[in-house]
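Per-entry structural report
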Amino acid sequence: MTAIVLAYNDTPGSNRALERAAELAKFYESKLVVTSVVPVLIGDERPDGPGEELRKADARLRELGIEAELVEAAGEIGEAIVEVAERHDAGLIVVGTRELSQVERMLGHSVSETVQRMTRCDVLIVHSDSGGRSTADGV
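In this report, we go over the structure that sits alongside the text. Predicted model only: the values in this text are computed from it and were never measured.

As a further point, take the overall build of the protein chain. Looking only at helices and strands, one finds five helices and five strands in the protein chain. Along the protein chain, helices and strands appear, N-terminal first, in the series β-α-β-α-β-α-β-α-α-β. Sequence separation of at least 24 residues holds for 76% of the intrachain contacts in the protein chain that already meet a minimum separation of 6. About 8,500 Å² of surface is accessible on the protein chain, with carbon and sulfur atoms providing 49% of the total.

Structure representation (structure tokens):
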């Protein structure tokens, strides 16, 4: 696997996804590309360099001994993640997830579902916790 793309937004799910992506990048000796997506706002100027989320991800990855390429993307989140993966010829996209509300589920507002539906590479969806199950449940 030549490249792994991590979608990062500093949530519990994406922080767990960061840890998993780091493990995989080390194991497969893959290039790690971290992307954070900002919405497009008319008249809004984009700052130079990586935003706060990417700086935070970079700091954690450096603690883990991994150097990553940081890519600030703009647009619809799922589409932007897939575009970054295609540009870097990624073999894997790693995304965190969270529990969706009933309304979000009905409207199809799941970034991880959008990514897995649109991409041609593998997608690893990392949950923020054990899904509400305790370890006493044997899970």
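That covers the picture; the talk isn't over yet.
The end-to-end C-alpha distance of helix α2 (residues 52-63) is 17 Å, a good match for the 16 Å that 12 residues give at a rise of 1.5 Å each. Among all positions in α2, only Leu54, Ala57, Asp58 and Leu61 are buried. Along the long axis of α2, the arc covered by the buried residues comes to 100 degrees, so they all point the same way. When the buried face of α2 is taken as reference, the exposed residues oriented beyond 90 degrees from it are Glu52 and Glu63. Where α2 is buried, its residues contact α1 (12-28), β2 (31-38) and β3 (69-74). Backbone geometry just downstream of α2 places glycine 65 in the positive-phi region, at approximately 80 degrees.

What counts as what
- Residues numbered from 1 in each chain as written.
- Predicted model: local features only at pLDDT ≥ 70, side-chain atom pairs only at ≥ 80, totals over all residues.
- Heavy atoms only, no water.
- Helix = DSSP H or I, 4+ residues; strand = E, 2+ residues; numbered from the N terminus.
- Contact = heavy atoms within 4.5 Å.
- Areas by Shrake-Rupley, 256 points an atom, 1.4 Å probe, with all protein chains shown as cover.
- Expected span 1.5 Å × (residues − 1).
- Buried < 20%, exposed > 50% of the residue type's maximum accessible area, 1.4 Å probe, protein only.
- Arc of directions from axis to C-beta.

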